[in-house]
Structures are given as structure tokens and as C-alpha cells.
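A look at the structure
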Number of protein chains: 2
Amino acid sequence: MSTISFEAPRGMRDFYPEDMIWRNRIFDAWRTAAEHFGFQNYDACVVESLELLQRKSGEEVSEQIYAFEDKSGRKLALRPEMTPTLARMVAAKQSRLPFPIKWYATAQCFRYERMTRGRKREHYQLNMDIVGSQEVLCEAEILGAAVYAMRTMGMPDAAWRIHVSSRALLGELLAASGIPEQQHAAVFIALDKRGKISDEEIAALLKAEGLNDEAIKKTFTLLAVNSIDEAAALAGAESPAIQNLKELFATAQQMGYADLLMFDIAVIRGLSYYTGIVFEAFDVQRKFRAIFGGGRYDSLLALVGGQSMPAVGMGFGDVVVGEVLREVLGETAPVARQGYAVGYMSVAERASAIALAARLRATGERVDLALLPQKPKHFFGKAGNSLAKFAIFLGPDDLASGVAQVKNLETREVTQVQL
Amino acid sequence: MSTISFEAPRGMRDFYPEDMIWRNRIFDAWRTAAEHFGFQNYDACVVESLELLQRKSGEEVSEQIYAFEDKSGRKLALRPEMTPTLARMVAAKQSRLPFPIKWYATAQCFRYERMTRGRKREHYQLNMDIVGSQEVLCEAEILGAAVYAMRTMGMPDAAWRIHVSSRALLGELLAASGIPEQQHAAVFIALDKRGKISDEEIAALLKAEGLNDEAIKKTFTLLAVNSIDEAAALAGAESPAIQNLKELFATAQQMGYADLLMFDIAVIRGLSYYTGIVFEAFDVQRKFRAIFGGGRYDSLLALVGGQSMPAVGMGFGDVVVGEVLREVLGETAPVARQGYAVGYMSVAERASAIALAARLRATGERVDLALLPQKPKHFFGKAGNSLAKFAIFLGPDDLASGVAQVKNLETREVTQVQL
């Protein structure tokens, strides 16, 4: 018997009820926030065609894809991200959808990674996307919804920041430094590795891409730019990228989250399809990986075979935000108690307990009815560890008097209820 | 371009926002009902170890499993049902969990089936299980929660029934007919095919299992039993199976759903692990497959390698109930409108629209803020098709007067709001 494993497959997560309290705190906040901002829910199966993923993704992602064949030899995969699926679904109905559309999904995504530092091979990700508008208001709405989600989870503003940059701006600055446009994609990929590999190694990557020492030096100088004004001095105040960034900060001001934004030219985002504003959120101590990230990707729809259309999107995973929340709120962050636990001493009181539970449920109350007779001590111990707000225990005396004690498990206050 | 497919992989479902309205009607009702009855949420990854599934499942299921290997050669599968995973998770913490436990999950499950009659290869399933109690109250609580879910979805009681039987009862009756216990499992499997194949074919199956003509005739006679009283006359009033069934019907009476229950000895449930009461819900016209089903499976935990423990569970898929709901409520069953759609004529009114949206959102209102200036006709057309309850459109006159019109999209009533 001892050789039988009860563990989940490597890298996959089990969620026991105590884990689900945290997960639901996150998922519920995501849904509340997305709907608060008028996003519509969509979804698709976690199994995608491998061909779609390859059509869109770079080599790096492909190696990490869980791919398999079904019994007819169809090449399938567990999706590593939701965006190709979104693009496919939009392309399928591109002539009929009421653009601009605002869609969100809570999507499970898989990535086959070496198991370092407890990284998992699956996670859930809130995806919010707006397709069909070039307005910076799209970025502002998506970030507004993400801020609302963070606040709904109980994360204090002081604990985190959204780092904002622009691929278009960096492109303009690189061009102004004399680095030709065909090298920009490689430069973005190299710069995105900053923090993971040394600056010397990045310089070597840039050199391998054909940049000379002068250009490499200028590239690192650009990374020292640390305000939109400094960037504007280099790119020119008429730069569309600068104007878009300024508009985003101004709209965030109107929407009440400007204090959370900071310009950070070092935000690149690894994926090659971003074209404009990009952003990543971090805890202020930079102890954890990015909480969420995204940006404008005006060329993705064409990439998967649809008609070109402007789009902005973000992904917000459940793992990092869970780690940050536990760090900031503490492992035992309170959850609202609600409803009743109802117990009984012996089989003689069971019918009364069932009737009481039915009555309470009929008034809309959540009731956890005991499935076995119990001693009061055992019942109250279990009720205290549950999420019930009130506990009612029926013994022979209660039935005789027709009145039972209702214990408030938060305040310890005791009231009475007629049976 | 025309050769690119935008379809989901065969048998997999895409959910556009209009589909998600139906799906969320079902999922939300499931969660509400399970929590109303005190079930705790759990979950596990859709990827399971193939070995666990084989440990528990019969051959028939194995052939339908989506199995694959990861890059380390680990044999994995997309789970076909949640119960083996539940058993694994319970077994892993069997010495520490506060039994009896009441758990629920909304689990995606995969089954590789031939694509007949639009059957899909994945679906979602509410699983509710109670582990650690032999009391019939467990069955009553699970069915009570399922009834609550159906009512929450808007399904009228008159449209459906829960068919209840007992494997234990049928076993007693078969034994009383002289059919030895070692043949019962085969008899259950044969009888479960009733309606799918002819009675002659079932008789042939029973014959192949070694039943003689007399025993086969008696078996079919048992299927004609159509009340608990008739069954009691055969099994004896002291039969534990009869007493359990009577207790279930009595408890359902106390809980307010006895009118939905009907005794139906033909309910078998295909899976071999059921040991006691079994049930399946159907639309009254029997136009659709079972809406939900389940029963007592006291031997499952031992089967996966844990310690033996009594358990009851049910599975409630999203596909059939969705079909029945559309049939009963109509395709356009109303959904509660809520919140605001906010639009504007030109860029000049955009800042005011953003400020108004921020103000409404700060009061807790859901706001779909237009991402582009629009003509009023276009805006109101789109708002009418959305789920917003109110629409506010800002033009130059509204800004000049400082007052905007608020249109109630349900009643067409118009009120005013100060800007």
C-alpha cells in the first residue's frame, strides 16, 4: 500500500478547501473587477490546436508547450497562454462582432518548465483584452480594472506599482540613436533579459545581433532615462509615443489610480507582438516576479490569419499575486463568515435539526447541517474552524423548551431562536 | 488565407459572451447551491496521472481517456471524471481531514468519444461529495443542493424528476431470485444498457454471463417493480435498503423536494463502484439524457488505495442541463440587466464621460465606458443589446447644461443626472 502515490502529477496543483479560500479571493476579485469595467466573459477549451500556437508563438514558447496527439492523430496542445485563442475566436467572427469589444477570461494555462524554485507547470490567468480601438483609453480601462481587482483583493496601494513604458517610444529612441528598425526586435528580446543575465551578457547578445560598441553604449544610455520628460527631450514632444504615455497618465489621474503608475523604460515584455504601451506590475520591494503585465499588440490578429485590428491586452496570473497577498495580508487574512452551522446531540434531535436547517435555508441563509450526532464540544470546535457565522446545537433540553441557543462565532454573543 | 482554420479543435467548445451568459447561469447556480448547503470548494488540475485513473476505472472508460506523455515520459491524462481525483486528495490527507467532509468542485472533464449527435469531448461537471458518513442524510443533502441549483437556474419543478433506486435493493432482490452475488455486477452492467439496446440483446448479455432462462425472466420481472411498497413486499420490510429509501423520501419531504422524487428501479448507473442508493434526474418528457446522477459508493476510497470509508457523490454536467434549460425557458431567457453604459458624441465630451464613469464606479456601479466617440443611434443600439440597465450619452448640449439624460433600458424611462 505504501507505494501508491496520492500526489498530483509533477507541477500540477491540488486545491484543498483552505487553498480555495485564497484562490476564490483572487478569482472573485478578477470577475468583479472585469465586470465592473464592462468586460464581457468568454472562454475556450484549454486544449488548442498546436498549429494555432505555432502560428503565433516564437520558438522559446514552443519548446515549453505540452503537446500531444488525439486518437485520430490530431496535433493538440494544452495552451500556454490565452491570446492566440482570443485572436482565433475574434478572427472567426471578425465580420460580425460589435467592435470595439472588451472581453475577459479566467484561463488555465500550461507551460512545461524545469521545476526550479517551486515553479508550477500550470496556472490561471485573468485575461482582459480590448480589440478594435487605438485609443489610449483602452489601456487606461484595462489598468483601471486591474487596479480595481487588486484593491478588491485587499492589496493596499502602498504595496505595489504599475511600471509603464512603450515599445513604440523605445523604438523611436533606438532609431534616433541610429539603430535600424530591423534590429529593434532583437534588441527588445535582449533587453528583456535584464535582471536575469548580466549587462555584459546582454551587450554580447546585442553585439551578436550586429550592433557596434557605440550603438550598444547608446542602448544602455537609453535604459537610464527615468521620466517621460527625459524621454520627451530625446524623442521630441511631438512623438506619438510620448503623447500616448502622457494621455495614459492623465486618464489614470481622472480614474483615481495615477499614484500607482510609474514610468519605467526597462519594461519590455518578452513577447514579440507588442507594438505600443507596455506595462508590468510589481510589489514595491521587487521581491516577487511581475504580478500582471500586458500592452498594445496591434499586429496579432493579422499574425494568426485574421484582418489587422488594434488591440490591447493583459494577463494576470494567480500564482504571483497569491504570494504577494500572503506576504502583505498574512497567511490568515480574514474571510467574511456567513451562514449557520447546525448540529445535534443524538438521532432524537435530528428531525428538528433538519427542519431548522430547511427553514433557515428557505430564508436565504447558508447552512452546514451536521451529518452525524455529535457532542457539543466537538460540534462547536468544528464550527469555529468553519466559515459559518452562527452555530446552533440542538440537545434534548432545547427540544423540550422549543428554544435553541444561537452562538455568534465572531462575537461569542448568544441569542435565541424558536424551534 | 482561406485555408486557415479558426475553429476550436474537434469536440472542444468555444464560449462567446452570449454563450457565457448561459454557462454562468449554470455555474453560478451550482456554486450558490453547493455553498447554500455548506459544501466546501476544492479543485485539482485537469491533468491527472494515468495510473490513478486506471487504478479506479473499468476498461470502457480507459479507451475514452485522452492520454499523453510529458517530456520526461510521465504518463498523464485529461481526467474523464473527478471522482478518482477526489479519492486521491482525500486519501492523501485521510488521517487529518475533519470527517465527514462535504466538498464540491466545478471540474472540466474530457472523454474521447466518436462525434455522434453533436456530443462534445469535454464538459464541465459540478461534483458534490460527502465522505465519512453512512447516514442517508448525506444523500438527502446532496439531492437538496441539486434541487436548489435547478431552482436557482429557473427550472420549474414540473419540468423534471429525480429517479431514485438502490443498488443494494436490487442486489437483495436478485439474491432473493436465486441469482448469486458474484453475478450481480455483470447484471448491473447489462441492465444499465436498457434503452440503448433491445431487451433481447440484454437477455443475450445476461445469458452470456451464465444466467439461465428462469433467472433472466426473474430479472426482467424485477424491473417491473414500480414502487417502494412493491419492492418491500419482495425484499421484506426489514430490508436495510428499503429502510434507507424510505428515510430518503421522508427527509426529502422535510426538506421540501419530495414531489420531485420518484422511485425507479431501472436506475442502475453504469459505474461499478456504486453500493447503495443511486439516482438520476431527467426532464419529464425524457427527451434528453440524464441531467445529473450519482449515488453511494462506499468502496471507492479503498479502490484507489486509501482506507475504506463511506461516501456519496453526484456529477451534474453543464451540457444536458443547458439543453433542457433552453428548451424549458427559451433561447432568450431573460438575464438581469445591471449597471450603466456611458457614451459620448466626440472627443470634446470624452473627459466628462471618463469622469462620470469613475464617479459611478466609485459608488459600486458596473460601467461599460465607450472606447470611441459615437453617434447616439449607434451608442443606444449597442447599449440595448448589452446587459446594461441604464444608458447615458454625453453630447455638447449636455456638457453646456451640466445635466445628462439617463435612459432606463428596461422601462425606457428617462431621468437626469448632474455632471
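Keep in mind the model is a prediction, meaning the values are calculated, not measured.

Put simply, side chains in a regular strand alternate between the two faces of the sheet. Residues and elements named next belong to chain B. A large share of strand β11 (residues 277–283) lies buried, amounting to seven of its seven residues. Bridge count between strand β9 (residues 160–166) and β11: seven bridges; the pairing is antiparallel. Considered in β11, the bridge of W160 is made with D283. For β11 and strand β12 (residues 292–296), the ladder comprises four bridges, and the chain directions are antiparallel. Bridge pairing in β12 places F279 opposite G294.

Now for unusual backbone geometry. Residue and element names in this part refer to chain A. The residue after F99, namely P100, is reached through a cis peptide bond having omega -5°. Counting through the fold element by element, P100 comes out in the loop between α4 (83–92) and β7 (101–110). A positive phi angle, near 70°, is found at R412, a position not held by glycine. For R412, the location among the structural elements is in the loop between β17 (403–408) and β18 (414–418). We classify R412 as exposed; its relative accessible area is 54%.

Another point: the side chain of D283 of chain A. All names here are of chain A. Its location among the elements puts D283 in strand β11 (residues 277–283). Look at D283: it is buried, it has no salt bridge, and the nearest opposite charge is R286 at 5.9 Å. At a separation of 2.8 Å, a polar atom in the side chain of D283 contacts the main-chain amide nitrogen of K287. Beyond its immediate chain neighbours, meaning those up to four positions away, D283 contacts A159, W160, F288, I291 and V324.

Its domain assignment divides chain A into domain 1 (17–169 + 263–329) and domain 2 (340–418). One C-alpha centre belongs to domain 1 of chain A, the other to domain 2 of chain A, and the line joining them spans 45 Å.

Here we take up the packing of helix α6 (residues 167–176) of chain A against helix α10 (residues 228–235) of chain A. All names here are of chain A. As a packed pair, α6 and α10 sit with axes 10 Å apart at the nearest point and diverge in direction by 45°. In this view, α6 runs oblique relative to α10, as classed from their interaxial angle. Crossing hand, α6 versus α10: left-handed. Contacts between α6 and α10 involve L169, E172 and L173 from the first element and A231, L234 and A235 from the second. Along the lines of polarity and charge, the residues of the contact of α6 with α10 split into five nonpolar, no polar and one charged.

Before going further, it helps to examine the relation of the copies chain B and chain A. Between the two copies, chain B and chain A, the superposition gives an RMSD of 0.0 Å; the rotation angle is 180° and the shift along the axis is 0.0 Å. The symmetry that links the two subunits is that of a two-fold axis. Scanning chain B for the C-alpha nearest the rotation axis identifies F68 of chain B, at a separation of 3.0 Å. Interface overlap between copies is the fraction of interface residues in one copy that are interface residues in the other; for chain B against chain A it reaches 100%, indicating a shared surface.

Rules used in this analysis
- Residues numbered from 1 in each chain as written.
- Chains lettered and ligands numbered in written order.
- Predicted model: local features only at pLDDT ≥ 70, side-chain atom pairs only at ≥ 80, totals over all residues.
- Heavy atoms only, no water.
- Buried < 20%, exposed > 50% of the residue type's maximum accessible area, 1.4 Å probe, protein only.
- Helix = DSSP H or I, 4+ residues; strand = E, 2+ residues; numbered from the N terminus.
- Pairing = 2+ DSSP bridges.
- Lys, Arg positive; Asp, Glu negative; His and termini not counted.
- Salt bridge = Lys/Arg side-chain N within 4 Å of Asp/Glu carboxyl O.
- Polar contact = N/O pair within 3.5 Å; in protein donor to acceptor, adjacent residues only side chain to side chain.
- Contact = heavy atoms within 4.5 Å.
- Domains from an automatic or database assignment.
- Axes fitted to C-alpha atoms, helices over the stretch in contact; angles between N-to-C directions.
- Parallel < 35°, antiparallel > 145°, perpendicular 65-115°, else oblique.
- Left-handed = near helix turned anticlockwise from the far one by under 90°.
- Nonpolar A, V, L, I, M, F, W, Y, C, P; charged D, E, K, R; others polar.
- Least-squares fit on C-alpha atoms with pLDDT ≥ 70 in both.

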